Amino acid sequence: MALKIRKNPVVPAPYCPVSEFMNMLSGAWTTHVLWHLQATPRRFGELRIDMPQISAKTLTARLRMLEQHGLVVRTVMPTSPPSTEYGLTDLGRELIPVLSAIAEVGRKLKLSRTGEICQEAA
C-alpha cells in the first residue's frame, strides 16, 4: 500500500524568500567578504590581506555583486591618490548574526568530527 502524500502546511509565497536570500549570498567567497567587513570598512588591499587565497578578479566580482544587492557600500575617499573603502550597509549588517550562527554550527561540527576546537581567524 502506497503512503498518502501529505500537503505542506506552509503555504508557499509567490516568490521564495529563502531563494532570494541564497541568491544574494551565491558565489565562492561571498560570505567571507561579508564576514571580514563586519567590524569596520576595509580597502580592497586590506581585504586581499584578510583573504590571501582569493584572487583580485573574484574579490572585485564579489564586491560588485554585494554592492548591487545593497549589502555593501563603496566609498571613494578624497585622498591623493584616491582610495576606495567597502563597508556593510544596514541590510548587510543584518546578515552578521546569521553568519555568526552558521560559524558556530561549523565549529560544533568540526569539534564533533575531529575533537579540534576551531579558532576564529583574527
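Computed from a prediction, not measured in an experiment: that's the story for all the values here.

Novice: Provide a residue-level description of the overall build of the protein chain, including the pertinent values.
Specialist: When its secondary structure is counted, the protein chain shows six helices and three strands. Shown N-terminal to C-terminal, the secondary structure of the protein chain runs as helices and strands in the order α-α-β-α-α-β-β-α-α. Across the 122 residues of the protein chain, 22% fall into the buried class. Contacts in the protein chain between residues far apart in sequence, at least 24 positions, make up 47% of those at least 6 positions apart. Roughly 9,100 Å² of accessible area belongs to the protein chain as shown, and the carbon and sulfur atoms make up 60% of that amount. Charge-centre separation for the protein chain: the mean point of 15 positive side chains lies 9 Å from the mean point of 10 negative side chains.

Novice: Explain the side chain of threonine 30 to me, and be specific about the residues and the numbers.
Specialist: Relative to the helices and strands, threonine 30 is located in helix α2 (residues 30-36). A distance of 2.7 Å separates a polar side-chain atom of threonine 30 from the backbone oxygen of serine 26. Once residues lying within four places of it in the same chain are set aside, the contact partners of threonine 30 are Met24, Leu25, Arg62, Met65 and Leu66.

Novice: Give a description of the pairing of strand β2 (residues 72-77) that names residues and reports values.
Specialist: As paired elements, β2 and strand β3 (residues 83-88) share six bridges and run antiparallel to each other. Across the sheet, the residue bridging to threonine 75 is glutamate 85, located in β3. Here β2 hands over to β3 after five residues, the two strands then running antiparallel side by side.

Novice: I'd like to hear about the nonpolar core, residue by residue, with values.
Specialist: By size, the foremost hydrophobic cluster in this structure holds 19 residues, and its most contacted members are Val33, Leu34, Leu37, Leu59, Leu66 and Val72. Sorting the residues of this core by element identifies α2, α4 (56-68), β3 and α6 (96-114) as the ones contributing at least two each. Residue contributions to this core peak at four residues, all from α4. The contact partners of valine 33, leaving out residues within four places of it in the chain, are Met51, Leu59, Arg62, Leu63 and Leu66.

Novice: Break down unusual backbone geometry for me, with residues and values.
Specialist: Cis rather than trans, the peptide bond between serine 80 and proline 81 has omega equal to -5°. With respect to the helices, strands and loops of the structure, proline 81 is situated in the loop between β2 and β3. Backbone geometry places tryptophan 29, a non-glycine residue, at a positive phi of 80°. The residue tryptophan 29 is located in the loop between α1 (17-24) and α2 in this model.

Novice: So what's going on with the pattern of salt bridges? Residues and values would help.
Specialist: Inspection of the entire model under this criterion finds five salt bridges. A salt bridge links glutamate 46 to arginine 42, with the shortest nitrogen-to-oxygen separation between them at 4.0 Å. Residue glutamate 46 is classed as partly exposed on the basis of its relative accessible area, which comes to 22%. Ionic pairing is found between arginine 42 and aspartate 50, a salt bridge with its closest N-O pair at 3.0 Å. Residues joined in a network through salt bridges with shared partners are Arg42, Arg43, Glu46 and Asp50.

Novice: Outline the environment of leucine 99, supporting the account with residue identities and numerical values.
Specialist: Take leucine 99: it is sitting in helix α6. Once the C-alpha coordinates of leucine 99 and threonine 31 are considered, the two residues, 68 residues apart in sequence, prove to be 7.5 Å apart.

Novice: Give me the lowdown on the sheet that holds β2, citing residues and values where you can.
Specialist: On the basis of which strands lie adjacent, the open sheet formed by three strands has the order β1-β3-β2 and antiparallel pairing. Every other strand in the sheet has two partners, leaving β1 (42-43) and β2 as the edge strands with one partner each.

What counts, and at which threshold
- Positions within a chain are numbered from 1, following the residues in the order the chain's sequence is written.
- For this predicted model, a pLDDT threshold of at least 70 governs which residues receive local features, and a threshold of 80 or more governs which side-chain atom pairs are given and counted, while totals over whole chains, interfaces and linings are taken from all residues.
- The side-chain quantities take in all heavy atoms of the structure and omit both hydrogens and water.
- Helix and strand assignments follow DSSP, with helices taken as H or I runs no shorter than four residues and strands as E runs no shorter than two, numbered in order from the N terminus.
- Three labels apply to residues, based on accessible area from a 1.4 Å probe with only protein chains included: buried if under 20% of the type maximum, exposed if over 50%, partly exposed otherwise in between.
- The contact rule is simple, with two residues in contact once any of their heavy atoms fall within 4.5 Å.
- All accessibility values rest on the Shrake-Rupley procedure with a 1.4 Å probe; residue burial counts only the protein chains present in the view.
- Positive charges are assigned to Lys and Arg, negative charges to Asp and Glu, while His and the chain termini are left out of the count.
- Charge coordinates come from a single atom per side chain, which is NZ of Lys, CZ of Arg, CG of Asp or CD of Glu.
- Two N or O atoms form a polar contact when they lie within 3.5 Å of each other; inside protein one atom must be a possible hydrogen donor and the other a possible acceptor, and for residues adjacent in sequence the pair counts only when both atoms belong to side chains.
- At least two bridges found by DSSP between two strands are what make those strands a pair.
- Only buried residues count toward a nonpolar core, which is a set of Ala, Val, Leu, Ile, Met, Phe, Trp, Tyr and Cys residues joined through side-chain atoms within 4.5 Å.
- We define a salt bridge as a side-chain nitrogen of Lys or Arg found within 4 Å of a carboxyl oxygen belonging to Asp or Glu.

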